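Here is what each chain is made of, one letter per residue.
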Amino acid sequence: MNIVVLMKQVPDTEGDRKLAADNTVDRAAVDPVINYIDEFAIEEGLLLKEAHGGEVTILTVGPERATESIRKALSMGADKALHISDEAIHGSDAVATAKILAKALGSVEWDVAIAGSEATDARGAVVPALLAEVLGAPQLTQARKVTVDGSTVTIERVTDTGYEKVEAQTPAVISVVEKINDPRYPSFKGIMAAKSKPIDVKSLSDIGVEAGEVGLSNAWTQVASFENAPPREAGQVVKDEGDGGSKIADFLASKKLI
Amino acid sequence: MAEVLVLVDAVDGNIKKATFELLTAARQLGEPAAVVVGAPGTAAGLKDQLAEYGAAKVYVAESDDIAGYSVAPKAEALAAVAQQASPAAVLISSGPENKEIAARLALKLDSGLLYDAVGFDGDGNVTQQIFGAAITVTSKVSKGTPVITVRPNSFAPEAASGAAQEVPVSVSVSDAGKGAKITDTVVEEKGSRPQLSDASVVVSGGRGIGNADNFTIIEKLADSLGAAVGASRAVVDAGWVPHTMQVGQTGVTVSPQLYIAVGISGAIQHRAGMQTSKTIVAINKDPEAPIFELADFGVVGDLFQVAPQLTDEIGKRKG
Ligand SMILES: Cc1cc2nc3c(=O)[nH]c(=O)nc-3n(C[C@H](O)[C@H](O)[C@H](O)COP(=O)(O)OP(=O)(O)OC[C@H]3O[C@@H](n4cnc5c(N)ncnc54)[C@H](O)[C@@H]3O)c2cc1C
Ligand SMILES: Nc1ncnc2c1ncn2[C@@H]1O[C@H](COP(=O)(O)O)[C@@H](O)[C@H]1O
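Below or above, wherever it landed, is the structure these notes cover. Bear in mind the structure is a predicted one, so any value in this text is a computation, not a measurement.

Criteria and cut-off values
- Residues numbered from 1 in each chain as written.
- Chains lettered and ligands numbered in written order.
- Predicted model: local features only at pLDDT ≥ 70, side-chain atom pairs only at ≥ 80, totals over all residues.
- Heavy atoms only, no water.
- Near = heavy atom within 4 Å.
- Polar contact = N/O pair within 3.5 Å; in protein donor to acceptor, adjacent residues only side chain to side chain.
- Areas by Shrake-Rupley, 256 points an atom, 1.4 Å probe, with all protein chains shown as cover.
- Helix = DSSP H or I, 4+ residues; strand = E, 2+ residues; numbered from the N terminus.
- Patch = residues over 30% accessible without salt bridge, like charges linked within 9 Å, V, L, I, M, F, W, Y side chains within 5 Å.
- Salt bridge = Lys/Arg side-chain N within 4 Å of Asp/Glu carboxyl O.
- Buried < 20%, exposed > 50% of the residue type's maximum accessible area, 1.4 Å probe, protein only.
- Nonpolar A, V, L, I, M, F, W, Y, C, P; charged D, E, K, R; others polar.
- Pairing = 2+ DSSP bridges.
- Right-handed = clockwise from strand over helix to strand, strands pointing away.

1. A few points about the site of ligand 1
All names here are of chain B. Neighbouring residues of ligand 1: 26 residues in total, closest Arg207, Ser232, Thr250, Ser265 and Asn284. Within the backbone of glycine 263, one N or O atom sits 2.9 Å away from an oxygen atom of ligand 1. Considered on its own, ligand 1 offers 980 Å² of accessible surface; in the complex 80% of this is hidden by protein. Counting only elements with at least two residues in the shell around ligand 1, the list comes to helix H7 (233-237), helix H8 (268-271) and helix H10 (303-318).

Shown next as structure tokens:
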């Protein structure tokens, strides 16, 4: 089975994240890491490979520096990577990113494309659905469990009250939620092996995307401005002297919340 | 006046508050028109409620295939309505499935997509809060019909009378739209509590509660307020409550009128999911806990004393 894992490099949420002067995410301000939930996507890809054979390819659309994260994914056990890197991609919105991912998938053999459910930078949680729409492929998203039987993929899709079983034929786009598995740590052997694993770096023209379709100035949405949110006004903190509960009740009543 | 489409969210014939919020918000942008997408017969019980919140029209896009397949048919049905109505914008309340519907719709309409808006100005701009609400962004759709998902609790619902004129729209789901078949639907948590993602009041418990059995303290407090129940990741990881209750960066994002954090330290990843709550109350025995930096009102004390007392007080004051 040919498994592609969609992995995004994002600024670490522990850092003080900023926007740059052109209103895009300032990717230099904070150390980049693998988008947290994508580690679960990578692990799910590796588990499927272990169960059904085949290869795991990491697919990333991102700047040159994303190589660091790609190496880490390879050290976890992925076989190879496809990295779409092009100055013209800078500032692309989710729709454009999905179009690039779709074209990139067109250049490889794949049965399942596994994404994370949400990236921590833009928190869109839309790329997997967009990708399925662009490709006309079945969408199996928000999965807390993935089962493959021949060309049939079944997931448990998390809902507000439980889950749905959803079934589709390959090729299908999957997204997984945190907790679906336990992402492995790269072993020393894995880290050594990753150094010689192939990373295929392609430009937009290599995969047949027109530069005029993507990037900041062609995005279908524009950020006009941004400002730091005013800090929350310091509230009142009291020590419990046996009446902490009633004090909260007083506060809630004063705010007309009870 | 141009129409503004609002996708209706309903469970068992009850329209969610978030839909009324959007019908209210839509009035800032044009004339609100509700869109009911679902199995045949879904709209019948909803019309009166929509009229009460100012829906001038109710587009009814119903088909048996909509409930049988995941996400894609809903986007097709909504696109059929949008093509017929040529609206000024489409508003959808933010939630995992709704954001996916919005995404697919935007592509079908060749239109820009903005998600998690918390406000509008008069000029077609929306405001969004990013990076754990540290930055407020103003953005605009520059192509096509703006498709905008709006965070629940961003607008206060206000009743207004609308004609709720029914407009049927025929839907035939494409083969591609039937790619992902729903073979079973499993409800794991029944119960009468409001849903976490769009509740007006949320009470969350953290590791401070000590063990799974003690979580009833949180539930009792929540029930006294008619609130939804949430948890920190520490509580989920310990297996005391299911993952669907996790509030935070890798869980549900909530933005209620009132958020009460009980025995939660307030780690940055937790804050990312609740920082935009209008009023925050915290109970924690550690005066240094970062949650107090956010709290409008905080009590430094033992949750096993303070929380039950609060539950009792609320009960008493409600009479
Ligand atoms: C990538 C990543 C993603 C994450 N995503 C999330 C997420 O989505 N949501 C989330 O919540 N966390 C998330 N976390 C975890 C987060 O960093 C914290 O570890 C977690 O929120 C801590 O939960 P807690 O506050 O319940 O526990 P603790 O930090 O252990 O805090 C417990 C608190 O309870 C107080 N306490 C103890 N006993 C009492 C008592 N008797 N009375 C009153 N107070 C008491 C203590 O003073 C303490 O402040 C994530 C972490 C990472 C690395
Ligand atoms: N630039 C990208 N390169 C590779 N995968 C991506 C990219 N952007 C988003 N994804 C995938 O889509 C998921 C959801 O992203 P988002 O919709 O941006 O929240 C992520 O967890 C990734 O798996």
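On we go from here.
2. Notes on a nonpolar patch on the surface
All names here are of chain A. On the surface, Phe188, Ile191 and Met192 cluster together to form a nonpolar patch covering roughly 320 Å² of accessible area. Along the chain, methionine 192 falls in helix H5 (residues 188-194). Given a relative accessible area of 40%, methionine 192 falls into the partly exposed group.

3. Some remarks on the site of ligand 2
Residues and elements named next belong to chain A. Around ligand 2, the surrounding shell holds 19 residues, and the nearest of these are Leu6, Asp38, Val61, Ala119 and Ala125. Aspartate 38 is positioned with one of its side-chain polar atoms (N or O) 2.4 Å from an oxygen atom of ligand 2. Glycine 124 places a main-chain nitrogen or oxygen 3.4 Å from an oxygen atom of ligand 2. A total of 480 Å² of accessible area belongs to ligand 2 in isolation, and the protein chains cover 97% of it. Examining the composition of the shell around ligand 2, we find that three residues originate from one element, strand S4 (residues 55-61), more than from any other. Looking at the shell around ligand 2, its residues break down into eleven nonpolar, five polar and three charged.

4. Overview of the pairing of S4(A)
Residue and element names in this part refer to chain A. Here S4 lies mainly inside the structure; six of its seven residues are buried. Of the pairings in the sheet, the one linking strand S1 (residues 2-6) to S4 comprises five bridges and is parallel in character. Within S4, the position partnered with leucine 6 by the bridge is leucine 59. Inspection of the sheet shows S4 paired to strand S5 (residues 80-84) by five bridges, in the parallel sense. Across the sheet, the residue bridging to threonine 57 is lysine 80, located in S5. Each parallel crossover has a hand, and for S4 linked through helix H2 (residues 67-76) to S5 it is right-handed.

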